[in-house]
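# Structure at a glance
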Amino acid sequence: MTGDADLLLQLFHRYGIHAFRLVNGRYAATVATGQCVYLATDHAGSVPLYIRPGRGEVFASTEAKTLARHGGPMGLPVPSARRVRRLAGVYQVPAGTVLAIDLKTGTTDAHRTWAPALSRRIVDEDEAVQSLREVLDTAVRSRLGQDGPPLVVLSGGIDSSGVAALAHRAAGALDTVSMGTETSDEFPQARVVAEHLGSHHRELTLQTSDLLARLPHTIWAAESLDPDIIEYLLPLNSLYGTLKGPQRRILTGYGADIPLAGMHREDRLPDLDSAVAYDMETFDGLNEMSPVLSTMYGHWTTHPYWDREVLDHLVSLEAGLKRRYGRDKWVLRAAMAELLPHETVTRPKLGVHEGSGTTSAFSLILTEHGVPEESVPSAKRQVVQELFDRTVVNGEHPDHVSTWDVVGEVADQLKERRT
Ligand code: ATP
Ligand code: MG
Ligand code: MG
Ligand code: MG
């Protein structure tokens, strides 16, 4: 066995498409057998996969933009996959799916290889906490790599602090980095964790104007149209772009809030579980975990909370273990209690878009361009859409696209519509 691709091929020879039901990983894969092409995503679709099928051929890519200007025939429809905005003939393979395309007939069969649990388990506190500690520890260990200490992007929130503590324990050494801006940061909270663990820690302060200038790059990388997601990803993409030095394997605490409903600041358990069910039903296609956000700067990112075993465990816990004793993400906090300072374990959730001042900086350039407060959300949606059209659909290099020009255009359009 020489690598992951060989392993996958051997599994495929033995199990056929069921091979993809066996693998817990971060991948997009294609296997061609002559008459048939198989295109597979991991359970979370954490490496996006796009296709453009035609008669007797299939173009496939982990980035939609590379399929945008392919000439030739329009391509065949793929009813089981999502179309990509303004890219005729281009489809995104759903998360946790193998598409089998018959090249002779052009027909496509979709096989789901994973789905989020709809049922919930009632387990006692100790068991929930203990098994979370174990699956998360395994997920972190399996992501460490062999060359030097891992790097954790650390906010001092419970999600990234938990990953940092486990990575430190497993690797024996740890690098951490925190980003902030001139308007806001979480440096003191991250420092508490870095000092507690004894990690080699760095703080990077970016200007919000530099952050906003990278909006085209974030959208180009994530190929996502959701303005909220783009606000989460912009500070991280900017952080990856600011790390100097050799390429790193980066562990994040990204995604823990989805199965734990950390964002919803919700006390009532039915609403909390509705939020989990909704978010697990709708994550696909947002491309939050896309590796391109960091690989465009030479770094590899990996997200232990969306490890298949961790995710299955977290999603399926009954809501009362997620919100308990007045605390959000209770089960995770309890699992990490012995590894982190008390103030970290009890620190309320703060989103990366809030802690870095990203949301408010993006809102501010819109209102400065005359967009009324109540139109800011729809203006953000339009800015993101326009940047997607220019960088992904039209193939403009993000360095050559100005956030301020696009904001100006969107503000003018809104003004015209009002008059
Ligand atoms: P919590 O959700 O409880 O605030 P968190 O801060 O670790 O915990 P998020 O706010 O959801 O998680 O942010 C997602 C991930 O992005 C973090 O787990 C962390 O890896 C990374 N991140 C967030 N803010 C920063 C920051 N200021 N500097 C470096 N990395 C960050
Ligand atoms: Mg979080
Ligand atoms: Mg946070
Ligand atoms: Mg620019």
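What follows covers the coordination of the magnesium ion (ligand 2). Looking at the magnesium ion (ligand 2), the protein donor atoms are Asp 159 (OD) and Asp 257 (OD), and they sit 1.9 to 2.0 Å from it. Between the magnesium ion (ligand 2) and the magnesium ion (ligand 3) the interatomic distance comes to 4.9 Å. With a gap of 98 residues between them, Asp 159 in helix α4 (residues 158-171) and Asp 257 in helix α9 (residues 257-260) connect regions that are remote in the sequence. The buried category is assigned to Asp 159, whose relative accessible area is 7%.

To continue, consider the layout of surface pockets. Roughly 590 Å³ of volume is contained in the largest pocket. If you go around the largest pocket, you meet 21 residues; those closest to its centre are Asp 4, Asn 24, Gly 25, Arg 26 and Tyr 27. Among the elements of the structure, α1 (4-15), β1 (28-32) and β13 (300-302) are those that each provide at least two residues to the lining of the largest pocket. Tallying contributions element by element places α1 first for the lining of the largest pocket, with 6 residues. Its residues assigned to classes, the lining of the largest pocket comprises 11 nonpolar, 5 polar and 5 charged. For the second largest pocket, the calculated volume is near 310 Å³. Looking at the second largest pocket, it is lined by 13 residues, and the ones nearest its centre are Ile 229, Tyr 232, Met 263, Asp 279 and Leu 286. When residues of the lining of the second largest pocket are traced back to their parent elements, those giving at least two are α8 (227-242) and α10 (269-282). Counted by class, the lining of the second largest pocket contains 7 nonpolar, 2 polar and 4 charged residues.

This part takes up empty space enclosed by the protein. Under the criterion given, the structure shown has 8 cavities of 30 Å³ or more. When its volume is computed, the largest cavity comes out at roughly 570 Å³. Contributing to the lining of the largest cavity are 35 residues, with Ser 155, Ser 160, Leu 350, Gly 351 and Val 352 lying nearest its centre. Of all the secondary structure elements, the ones that give two or more residues to the lining of the largest cavity are α4, β10 (175-181), α8, α9 and α16 (352-355). Partitioned by chemical class, the residues of the lining of the largest cavity number 16 nonpolar, 11 polar and 8 charged. Estimates place the volume of the second largest cavity at around 110 Å³.

Attention shifts here to the nonpolar core. Within the largest apolar cluster, 102 residues are counted, with the highest numbers of intra-cluster contacts made by Met 280, Tyr 305, Trp 306 and Val 383. Among the nonpolar cores identified, the runner-up in size contains 15 residues, and Phe 12, Phe 20, Tyr 38 and Ala 100 belong to it.

What follows concerns the pattern of salt bridges. Tallied over the entire structure, the rule returns 22 salt bridges. Between Glu 125 and Arg 324 there is a salt bridge, and its shortest N-O distance comes to 2.7 Å. Of the two residues, Glu 125 is situated in helix α3 (residues 125-141) and Arg 324 in the loop between α13 (319-322) and α14 (330-336); the sequence distance between them amounts to 199 residues. Judged by relative accessible area, which is 24%, Glu 125 ranks as partly exposed. Here Arg 324 falls in the partly exposed class, since its relative accessible area comes to 23%.

Taken together, 21 residues are adjacent to ligand 1, and Val 153, Ser 155, Ser 160, Lys 329 and Lys 349 come closest. Taking Met 179, its main chain carries an N or O atom lying 2.9 Å from a nitrogen atom of ligand 1. Between ligand 1 and Val 352, the relevant distance is 3.4 Å, taken from an oxygen atom to a main-chain nitrogen or oxygen of the residue. When ligand 1 sits alone it has 580 Å² of accessible area, and the protein chains cover 97% of it. For ligand 1, the cavity whose grid points lie within 2 Å of the majority of its atoms is the largest cavity. Mapped onto the shell around ligand 1, the elements with two or more residues apiece are α4, β10 and α8.

Read from one edge to the other, the open sheet built from 5 strands follows the order β11-β10-β9-β12-β13, with strand pairing classed as parallel. This sheet does not close on itself; its edge strands, each paired only once, are β11 (200-206) and β13. Neighbour-to-neighbour, the strand axes of the sheet open up by a mean angle of 30 degrees, direction not taken into account. Inspection of the sheet shows β10 paired to β11 by 7 bridges, in the parallel sense.

Attention now goes to α4. Along its 14 residues, α4 runs 20 Å from first to last C-alpha, staying within 8% of the 20 Å computed at 1.5 Å per residue. When you tally the buried positions in α4, you get 10 out of 14 residues, the bulk of the element. Within the sequence span of α4, burial applies to Ile 158, Asp 159, Ser 160, Ser 161, Gly 162, Val 163, Ala 164, Ala 165, Leu 166 and Ala 167.

Reading guide: rules and limits
Residues numbered from 1 in each chain as written. Chains lettered and ligands numbered in written order. Predicted model: local features only at pLDDT ≥ 70, side-chain atom pairs only at ≥ 80, totals over all residues. Heavy atoms only, no water. Donors = N, O, S within 2.8 Å, 3.2 Å for Na, K, Ca; no water. Helix = DSSP H or I, 4+ residues; strand = E, 2+ residues; numbered from the N terminus. Buried < 20%, exposed > 50% of the residue type's maximum accessible area, 1.4 Å probe, protein only. 1 Å grid on protein atoms, 1.4 Å probe; cavity = no way out; pocket = protein on both sides within 12 Å on 5 of 7 lines; lining within 4 Å. Points joined across faces, edges and corners; volume = space filled by probe spheres on them. Nonpolar A, V, L, I, M, F, W, Y, C, P; charged D, E, K, R; others polar. Core = buried A, V, L, I, M, F, W, Y, C linked by side-chain atoms within 4.5 Å. Salt bridge = Lys/Arg side-chain N within 4 Å of Asp/Glu carboxyl O. Near = heavy atom within 4 Å. Polar contact = N/O pair within 3.5 Å; in protein donor to acceptor, adjacent residues only side chain to side chain. Areas by Shrake-Rupley, 256 points an atom, 1.4 Å probe, with all protein chains shown as cover. Sits in = over half its atoms within 2 Å of the grid points. Pairing = 2+ DSSP bridges. Axes fitted to C-alpha atoms, helices over the stretch in contact; angles between N-to-C directions. Expected span 1.5 Å × (residues − 1).

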